[in-house]
Amino acid sequence: MITLSGKDVLRADQFAKPEIERVLEVAAKHEKALAAGKTLSTLRGKVLATLFFEPSTRTRLSFETAMLRLGGQVISVAEAKTSSAAKGESLADTIRTVEGYADAIVLRHPETGAAEEAARAARVPILNAGDGAGQHPTQSLLDLYTIKKEQGHVDGLRVALVGDLKNGRTVHSLADVLSNYGVSFLFVAPAALRMPTAIVERLQAKGISVAETDDLGEAIRTADVLYMTRIQKERFADPAEYERLKGAYILDRAALAAAKPSITVMHPLPRVNEIALDVDDLPGAAYFRQSANGVPVRMALLSLVLE
Ligand code: NCD
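Rules used throughout
Residues numbered from 1 in each chain as written. Predicted model: local features only at pLDDT ≥ 70, side-chain atom pairs only at ≥ 80, totals over all residues. Heavy atoms only, no water. Buried < 20%, exposed > 50% of the residue type's maximum accessible area, 1.4 Å probe, protein only. Helix = DSSP H or I, 4+ residues; strand = E, 2+ residues; numbered from the N terminus. Core = buried A, V, L, I, M, F, W, Y, C linked by side-chain atoms within 4.5 Å. Contact = heavy atoms within 4.5 Å. Near = heavy atom within 4 Å. Polar contact = N/O pair within 3.5 Å; in protein donor to acceptor, adjacent residues only side chain to side chain. Areas by Shrake-Rupley, 256 points an atom, 1.4 Å probe, with all protein chains shown as cover. Nonpolar A, V, L, I, M, F, W, Y, C, P; charged D, E, K, R; others polar. Pairing = 2+ DSSP bridges. Axes fitted to C-alpha atoms, helices over the stretch in contact; angles between N-to-C directions. Arc of directions from axis to C-beta. Salt bridge = Lys/Arg side-chain N within 4 Å of Asp/Glu carboxyl O.

### Quick notes on helix α6 (residues 169–178)
Of all 10 residues making up α6, 10 are buried, and the element is well covered by its neighbours. Among the residues of α6, those classed as buried are Arg169, Thr170, Val171, His172, Ser173, Leu174, Ala175, Asp176, Val177 and Leu178.

Dropping the structure here:
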């Protein structure tokens, strides 16, 4: 039997395809229940802690909404820098403390590998809500859910990932999750921000076709799914380098005239300037539907991990 009960959610490549499919199935069930106005009590009596050491709007609020919609309760440190970490407490000690109060912990942290470090210290499940330039596995599941919903299927799609592929944790996790399906990838990045070699090699080892370019036009002309990302300012050691790259890719309505009519445009948000406002009311502009999908997908994860 497929079970995620008691498990940590740390990286997208930890999941076998049947587990991913189970999450999608439970998410669809929850989306239906929400649409029907049902009140659920699956996690009544359970407490979720959300600990965010980096800014967040969607990830924190959709996790908290998910927990509340399941009848559970939430304790939160929205600005974890103002927690005892500011006094020099180690992450492991913070986690050992918080697990005394909560049944599961959602953690966002600026250091790559922080979620794994937390999981080593914790007895309760840790859900990685982003570890530096590492992974963002729960985002990748809601991205996959969105692709399936918008396009009707996943196998056979050409997926273009665009922008800061070096530092973007959402694209790292999404590439891994999609490698369980018959997709082909086009990675679009400036030379300095290419997808890490280890990830490209991992995909190719699974037989996935990967092409790389710095030309957004090629992606617009050929993609079924165009996944735009923000240049990750906070990961740059040199502000001048960020200034040089921040306008690398800007998608606007005029450019999309060359796209397939069925194209789905996605973005994990927040956007800075990567997608012009005139794209927002095109039928394929899916990014706000994508962020809303965070609730049923995180309901699925919480209910499966805490069942
Ligand atoms: C992303 C993140 O935090 O990695 N946002 C999100 O969780 N939806 C993307 C980003 O910050 O650019």
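Structure shown, so let's carry the discussion forward.
### Things to note about the nonpolar core
In this structure, Leu161, Leu178, Phe185, Phe187, Met195 and Leu302 are the most contacted members of the largest nonpolar core, which totals 61 residues. Among the elements that take part in this core, helix α11 (residues 294–305) stands out by supplying eight residues, more than any other. Not counting residues up to four positions away in its chain, the partners in contact with Leu161 are Val171, Leu174, Ala175, Phe185, Leu186, Phe187, Val188, Met195 and Tyr227.

### Re the site of the ligand
Around the ligand, the neighbouring residues are Thr59, Arg108, His136, Gln139, Arg169, Thr170, Arg230, Gln232, Pro268, Leu269 and Pro270. One of the side-chain N or O atoms of Thr59 is found 2.9 Å from an oxygen atom in the ligand. Between the ligand and the protein, one listed contact pairs an oxygen atom with a side-chain N or O atom of Gln232 at 2.8 Å. For the ligand, whose unbound accessible area comes to 320 Å², protein coverage reaches 94%. Of the residues belonging to the shell around the ligand, the class tally is three nonpolar, five polar and three charged.

### Remarks on the sheet that holds strand β3 (residues 104–109)
Here four strands make up an open sheet; going across it, the order is β2-β1-β3-β4 and the pairing parallel. Taken across any chain shown, the strands that pair with only one partner, and hence form the sheet edges, are β2 (73–77) and β4 (126–131). Taken over all neighbouring pairs, the strand axes of this sheet differ in orientation by 15 degrees on average, direction set aside. Bridge analysis of β3 against β4 gives four bridges, and the strand direction is parallel. Bridge pairing in β4 links His109 to Asp131.

### Some thoughts on helix α3 (residues 91–98)
Of all the positions in α3, only Leu91, Ala92, Thr94, Ile95 and Val98 are classed as buried. All buried residues of α3 fall inside an arc of 160 degrees around its axis, so they share one side. Tucked inside the fold, the buried residues of α3 contact β1 (47–52), β3, α4 (114–121) and β4.

### As for the pattern of salt bridges
Opposite charge on two side chains permits them to pair, given that their charged atoms come into close proximity. The full count for this structure, using the stated rule, is 21 salt bridges. Put simply, Asp93 and Arg96 hold a salt bridge, and the shortest N to O gap is 3.3 Å. One end of the pair is Asp93 and the other is Arg96, both in helix α3 and three residues apart, which spans about a single turn.

### Some thoughts on the sheet that holds strand β7 (residues 209–213)
Consider a sheet: its strands pair through backbone hydrogen bonds, and that pairing is either parallel or antiparallel. The strand order across the open sheet built from five strands is β7-β6-β5-β8-β9, with neighbouring strands paired in parallel fashion. Two strands lie at the open edges of the sheet, namely β7 and β9 (264–266), each paired on one side alone. Across the sheet, the axes of successive neighbouring strands diverge by a mean angle of 15 degrees, strand direction being ignored. In this structure, strand β5 (residues 158–162) lies alongside strand β8 (residues 225–228), joined through four bridges in parallel fashion. Counterpart to Val159 in the pairing with β8 is Val225. Packed onto the sheet, helix α5 (residues 137–151) meets β8 and β9 and runs at close to 160 degrees relative to β9. Strands in contact with α6 are β5, β6 (184–188) and β8; relative to β5, the strand with the most contacts, it is inclined by about 165 degrees.

This is a description of form; function is not addressed.
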